[in-house]
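Coordinate analysis (summary)
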Amino acid sequence: MVKTFQAYLPSTNRTYSCVHCRAHLASHDELISKSFQGSQGPAYLFNSVVNVGCGQTEERVLLTGLHAVADIFCDCCKTPLGWKYEHAYENSQKYKEGKYIIELAHMIKENGWD
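Structure report, in brief.

The rules behind each value
Residues numbered from 1 in each chain as written. Predicted model: local features only at pLDDT ≥ 70, side-chain atom pairs only at ≥ 80, totals over all residues. Heavy atoms only, no water. Helix = DSSP H or I, 4+ residues; strand = E, 2+ residues; numbered from the N terminus. Polar contact = N/O pair within 3.5 Å; in protein donor to acceptor, adjacent residues only side chain to side chain. Contact = heavy atoms within 4.5 Å. Phe/Tyr/Trp six-rings, centres within 6.5 Å; stacked < 30°, edge-to-face > 60°. Buried < 20%, exposed > 50% of the residue type's maximum accessible area, 1.4 Å probe, protein only.

A short note on the side chain of S33
- Structurally, S33 is set in strand β3 (residues 31–38).
- A polar contact is formed between the side chain of S33 and the backbone nitrogen of S35, at a distance of 3.0 Å.
- In contact with S33, not counting residues within four places along its chain, are A43, Y44 and L45.

This is the structure we're talking about:
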């Protein structure tokens, strides 16, 4: 049985995929920073992602202050992955708005990472 995902990233790109079902999540070209911390350890900040669903937006106090965030999950296997920054209340954090955090515990590297 073959799994089908909503979106496939080009096979020529280095990609990050869901560790649980291997659905593509993000291209390495969309990586902004590796210096983030999720609730379960290290996390990466991405400009855009695929095969990801969003929960309700809520306000949370994170390490860098108050943000409005929405939890994100894999659209294919429903595993929680991290969150999307909907709004940053501090000017120094505005660059995060519309960006996505995915925790390393939930993704693997695929396609050309030799």
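Examining the packing of aromatic side chains
- Evaluation of the coordinates by the stated rule reveals four aromatic pairs.
- Plain terms: the ring middles of Y16 and F46 are 5.3 Å apart, the flat faces sit at 70 degrees to each other, and that makes the pair edge-to-face. Taken as a pair, Y16 in strand β1 (residues 15–18) and F46 in strand β4 (residues 41–46) lie far apart in primary sequence, 30 residues in all. Just as Y16 is buried, F46 falls in that class too.
- Exposure remark for F46: the relative accessible area of 0% places this residue in the buried category.
- Put simply, the rings of Y16, Y44 and F46 pair up and form one aromatic cluster.

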